[in-house]
Amino acid sequence: AQKVTQAQTEISVVEKEDVTLDCVYETRDTTYYLFWYKQPPSGELVFLIRRNSFDEQNEISGRYSWNFQKSTSSFNFTITASQVVDSAVYFCALIRPQGGSEKLVFGKGTKLTVNP
Amino acid sequence: EPEVTQTPSHQVTQMGQEVILRCVPISNHLYFYWYRQILGQKVEFLVSFYNNEISEKSEIFDDQFSVERPDGSNFTLKIRSTKLEDSAMYFCASAALQGMGGYTFGSGTRLTVV
């Protein structure tokens, strides 16, 4: 079975600090996709990134960066120079299309609070 | 940018009543989904729908739940007899391709059962 673990339940930082959100996943499949979603206080789910299992290159998008390491089954998310608007719950998720499964398996989320 | 639209944004219903949550997926998408998030908890898969039938469902999706695409644009989730534990945020999503999780989520309907 697939599982996504976000061990950090809540993180609080001061603006401009860097923060890393951890994500560890479990799957026996060789083909899978990993995601990060942001859920601001307004409640919607905002897509941040999708990464397939064959692409271990790190990715940077502005202040956001992602570190995918298959050796440790981790897909960590770093926010550089955090801002108050980054305050949200962040979810890591996994999908494995083999066998036709379509469901996203989410972690429990990490609530990030960025204080001014 | 295309959006998935969900209505209503918030619905309050009495226990035992039927509710229908509505979604308008992105027009050229073929795969449709419902997810649920109980307050403060993780997002959970309920059901996927393709070609006018359910393609996958979770153990949460019991006989009290049903989905329908009544008119080619709307995608609905019906809960026949609501329970207190059905109180949650319900997210609709749609995708152009299957199995890659390239979903677009709607902004959710918060269902409160009293």
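Here the structure is a predicted model, which means the values were calculated and not measured.

Q: Help me understand unusual backbone geometry in this model?
A: Excluding glycine, residues mostly carry a negative phi; peptide bonds, for their part, are mostly trans. Omega for the bond connecting Thr7 of chain B with Pro8 of chain B falls within 30 degrees of zero, at -10°, which places this linkage in the cis form. Positive phi, close to 85°, is recorded for Lys16 of chain A, a residue that is not glycine. Looking at the secondary structure, you find Lys16 of chain A in the loop between β2 (10-14) and β3 (19-21). Given a relative accessible area of 69%, Lys16 of chain A falls into the exposed group.

Q: Any chance you could explain the interface of chain A and chain B here in plain terms?
A: Many structure descriptions define interface size as the accessible area lost when the parts assemble. Taken residue by residue, the interface counts 19 residues in chain A and 21 residues in chain B. For the pair chain A and chain B, the summed buried area comes to about 1,700 Å², and 55% of that belongs to carbon and sulfur atoms. If you sort the residues of chain A by the area they bury against chain B, Leu45, Glu102 and Phe106 of chain A come out on top, with a joint share of 37%. The tally of links between chain A and chain B comes to 0 salt bridges. Mapped by element, the contributors of at least two residues to the side of chain A that touches chain B are β5 (33-39) and β10 (88-95) of chain A. For the side of chain A that touches chain B, the element with the most residues is β5 of chain A, which contributes 4 residues. Among the residues forming the side of chain A that touches chain B, the class breakdown is 9 nonpolar, 5 polar and 5 charged.

Q: I keep staring at the nonpolar core and nothing clicks. Help me out?
A: Inside soluble globular proteins, nonpolar side chains tend to come together where they are buried. By size, the foremost hydrophobic cluster in this structure holds 24 residues, and its most contacted members are Trp36, Phe77, Tyr90 and Leu112 of chain A. Of all the secondary structure elements, the ones that give two or more residues to this core are β2, β3, β5, β8 (64-69), β9 (74-79), β10 and β12 (110-115) of chain A. Ranked by the residues each element gives to this core, the list is headed by β10 of chain A, at 4 residues. For Tyr90 of chain A, the contacting residues outside a window of four places in its chain are Gln6, Leu21, Trp36, Tyr37, Lys38, Leu48, Tyr64, Phe77, Ile79, Gly109, Thr110 and Leu112 of chain A. By size, the runner-up hydrophobic cluster in this structure holds 22 residues, among which are Phe61, Phe75, Cys92 and Leu111 of chain B.

Q: Is there a simple way to think about the packing of aromatic side chains in this case?
A: The description of two aromatic rings rests on the distance between their centres and on the angle between their planes. Applying the stated criterion to the full structure yields 27 aromatic pairs over all chains. Judged by centre distance (5.0 Å) and plane angle (5°), the ring pair of Trp66 of chain A and Phe77 of chain A falls under stacked. Here Trp66 of chain A, found in strand β8, pairs with Phe77 of chain A, found in strand β9; they are 11 residues apart in sequence, far enough to count as distant. Taking the relative accessible area as the measure of exposure, Trp66 of chain A reaches 3% and is therefore buried. On the basis of an interplanar angle of 75° and a centroid distance of 5.8 Å, the ring pair of Phe68 of chain A and Phe75 of chain A is categorised as edge-to-face. Exposure remark for Phe68 of chain A: the relative accessible area of 2% places this residue in the buried category. Grouped by ring-pair contacts, the aromatic residues Phe35, Tyr37, Phe47, Phe91 and Phe106 of chain A together with Tyr33, Tyr35, Phe45, Phe91, Tyr103 and Phe105 of chain B constitute a single cluster.

Q: Would you take a moment to explain the pattern of salt bridges for this structure?
A: Note on pairing: side chains with opposite charge can pair once their charged atoms come close. Residue and element names in this part refer to chain A. For the structure on display, the rule yields 5 salt bridges over all chains. With a shortest N-O distance of 3.6 Å, Arg51 and Asp55 are connected by a salt bridge. What makes Asp55 partly exposed here is its relative accessible area of 29%. As a salt-bridge pair, Glu59 and Arg51 come within 2.3 Å of each other at their nearest N and O atoms. On the accessibility criterion, Arg51 (4% relative accessible area) is buried. Several salt bridges converge on common partners, so that one network encompasses Arg51, Asp55 and Glu59.

Each value, and the rule that gives it
Residues numbered from 1 in each chain as written. Chains lettered and ligands numbered in written order. Predicted model: local features only at pLDDT ≥ 70, side-chain atom pairs only at ≥ 80, totals over all residues. Heavy atoms only, no water. Helix = DSSP H or I, 4+ residues; strand = E, 2+ residues; numbered from the N terminus. Buried < 20%, exposed > 50% of the residue type's maximum accessible area, 1.4 Å probe, protein only. Contact = heavy atoms within 4.5 Å. Buried area = accessible area lost by both parts, 1.4 Å probe. Salt bridge = Lys/Arg side-chain N within 4 Å of Asp/Glu carboxyl O. Nonpolar A, V, L, I, M, F, W, Y, C, P; charged D, E, K, R; others polar. Core = buried A, V, L, I, M, F, W, Y, C linked by side-chain atoms within 4.5 Å. Phe/Tyr/Trp six-rings, centres within 6.5 Å; stacked < 30°, edge-to-face > 60°.

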